[in-house]
Protein chains: 2
Amino acid sequence: MAEHEESRCENCIIRELNSLKALKKEELKAISDSKVSRSIKKGEALFKEGEKLGGVYCVRNGVSKLSKISDNGKDQIVKIASKGEVLGQRSMISEEGTNLSAVALNDMEVCFIPKDQITGRIQDNPAFTQAILKHMAHELKIADDFIVNMAQKTVNQRLAEVLLYLSTTFGTDEEGYLVLILSRADIADVVGTATELCIRTLAKFKKQGLIETKGKRIKILDQSGLEKLKDGFQ
Amino acid sequence: MAEHEESRCENCIIRELNSLKALKKEELKAISDSKVSRSIKKGEALFKEGEKLGGVYCVRNGVSKLSKISDNGKDQIVKIASKGEVLGQRSMISEEGTNLSAVALNDMEVCFIPKDQITGRIQDNPAFTQAILKHMAHELKIADDFIVNMAQKTVNQRLAEVLLYLSTTFGTDEEGYLVLILSRADIADVVGTATELCIRTLAKFKKQGLIETKGKRIKILDQSGLEKLKDGFQ
DNA sequence: CGTTGTATTGATTCATCTCAAAGGTGGTGG
DNA sequence: CCACCACCTTTGAGATGAATCAATACAACG
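The structure reproduced in this document is the subject of the present report. Being a predicted model, the structure only gives us computed values, none of them experimental.

### Observations regarding the protein's contact with DNA strand D
Then, number 1: As a structural note, the neighbourhood of DNA strand D is formed by 14 residues, with Arg-184, Ile-199 and Arg-200 of chain A together with Val-155 and Thr-193 of chain B the closest of them.
Then, number 2: Residue Thr-193 of chain B places a side-chain N or O atom 2.4 Å away from a phosphate oxygen belonging to DNA strand D.
Then, number 3: Arg-200 of chain B is positioned with one of its side-chain polar atoms (N or O) 3.1 Å from a base oxygen of DNA strand D.
Then, number 4: Of all elements in the fold, only helix H6 (184-191) and helix H7 (195-207) of chain A together with helix H7 (195-207) of chain B reach the threshold of two or more residues within the surface near DNA strand D.
Then, number 5: Classifying every residue of the surface near DNA strand D gives 5 nonpolar, 3 polar and 6 charged.

Below, the structure is given as structure tokens:
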């Protein structure tokens, strides 16, 4: 019976990770009836910057990069979103086109939830609105910190920070390698530097015994070393 | 009679500029009864990063810089707030200490509104919550754009952008000089560079006929020239 | 009219970008 | 299983951008 399918929002554990947990059972059922599941292949775009979205995407599996192309043509990754994140939420609330592009870093499964389901709940469920508000306030803090980092820290510091972030956020496998595997170009786009410098800096970290690499994969050997680096003790 | 004092929130035009306009008359009266007016002298801090705030500040007059000190000791200005802005809102919502310091760039008049007045209205006035949410979504977009700019643009481009921003946001006087006068150090802290480079770049702009200076004051001569610069046409 | 803080300039060093080329890797079809 | 192609990584070297330190010039202010 539909009541117990795992594909129903009411039964989806993912929603515990985001603002949707503030919704009541009936509301979730309504959302579930109108949502559409979608598979996104690695490299495909969920949406591109400027696009008008008809709803939001709730990430069930996989990881997406949120990036924007600057006026001089280089891509900057602003955020990496994974399981539980709701994409397109911000642009829907401020009623604009999306500010960022979302591209899958590996194969993804997402649920598309039509706009009116979300705006409707924002209208009539204060607890939901407050949950989103709180989440967005937190995002804003992170963004402010990011600004300061980009503006004031060196590539060395930023790369160290990104490696630590990838480790704590996505974890490591049995061998100690970072689970989320990014191309050097993507890492560079997070750090905000040229791919070559990113590679050279990784090589330097390796020489210093801070990390180890195996193809694209990266293993952190000396976490506290990276932490010192990130805070500016060269 | 108190009903018609201009110091009453109900009669304060400032609130039209921010989320407080979503409040009802009775709610404004309650806020007005508990608010405290404060004068801040140029250079004084409204609050410092990490501080726990007992409420928010609504700016009635003057301008404040919101900045944060990075791990390597340099200050980065993240935002410039003026009339109508509510400061401390974000940290109150996410129930943390403030992430940024607020320092007056000129003499200010602010109203301090106790925390429970705001959180109370967020609890019981959905229109208010939605107004804040929408505002915060917009702030987040601005922050993301800022990240991309800091990460990908040169000092040249960023400085051009800041000058245009100061012009459109705070305007110019009869002679065409920017109304908001910042020290070179503050401009550098917005741009995210060293004061010397900021000065040198301003000198370059002057030589190119884009701007004119008179002491601290800056006059934009060629707006479209700056716009081209900002977009990377050197 | 000095004093203080800010603005300006020069010279040097360091960080980062860019272009160009060489080396790897994985996937695909024969 | 091998050969080939496309794509990604790595390295080199040179040009440019930006930070830094030190010294001088201004401007505001009492």
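### Here's the deal with the nonpolar core
Then, number 1: With 88 residues, the main nonpolar core has Leu-87 of chain A together with Leu-87 of chain B as its most contacted residues.
Then, number 2: Apart from the residues within four sequence positions on either side, Leu-87 of chain B is in contact with Leu-46, Phe-47, Val-56, Tyr-57, Val-59, Ser-64, Leu-66, Ala-81 and Ala-102 of chain B.

### Overview of the side chain of Asn-18 of chain A
All names here are of chain A.
Then, number 1: When you line up the elements, Asn-18 lands in the segment before helix H1 (25-34).
Then, number 2: The exposure class of Asn-18 is buried, given its relative accessible area of 8%.
Then, number 3: Only 2.9 Å separates the side chain of Asn-18 from the backbone nitrogen of Leu-20, close enough to count as a polar contact.
Then, number 4: Setting aside its immediate chain neighbours within four residues, Asn-18 contacts Cys-58, Gly-84 and Val-86.

### A few points about the sheet that holds strand S3 (residues 55-61) of chain A
Residues and elements named next belong to chain A.
Then, number 1: With antiparallel pairing, 4 strands are arranged side by side in an open sheet as S1-S8-S3-S6. Each of the sheet's edge strands pairs with one partner strand only, and the pair in question is strand S1 (36-40) and strand S6 (86-87).
Then, number 2: Inspection of the sheet shows S3 paired to S6 by 2 bridges, in the antiparallel sense. Directly across from Cys-58, in S6, lies its bridge partner Val-86.
Then, number 3: Docked against the sheet, helix H3 (residues 115-124) engages S3 and strand S8 (108-114), running at close to 60° with respect to S8.

Rules of the game
Residues numbered from 1 in each chain as written. Chains lettered and ligands numbered in written order. Predicted model: local features only at pLDDT ≥ 70, side-chain atom pairs only at ≥ 80, totals over all residues. Heavy atoms only, no water. Near = heavy atom within 4 Å. Polar contact = N/O pair within 3.5 Å; in protein donor to acceptor, adjacent residues only side chain to side chain. Helix = DSSP H or I, 4+ residues; strand = E, 2+ residues; numbered from the N terminus. Nonpolar A, V, L, I, M, F, W, Y, C, P; charged D, E, K, R; others polar. Core = buried A, V, L, I, M, F, W, Y, C linked by side-chain atoms within 4.5 Å. Buried < 20%, exposed > 50% of the residue type's maximum accessible area, 1.4 Å probe, protein only. Contact = heavy atoms within 4.5 Å. Pairing = 2+ DSSP bridges. Axes fitted to C-alpha atoms, helices over the stretch in contact; angles between N-to-C directions.

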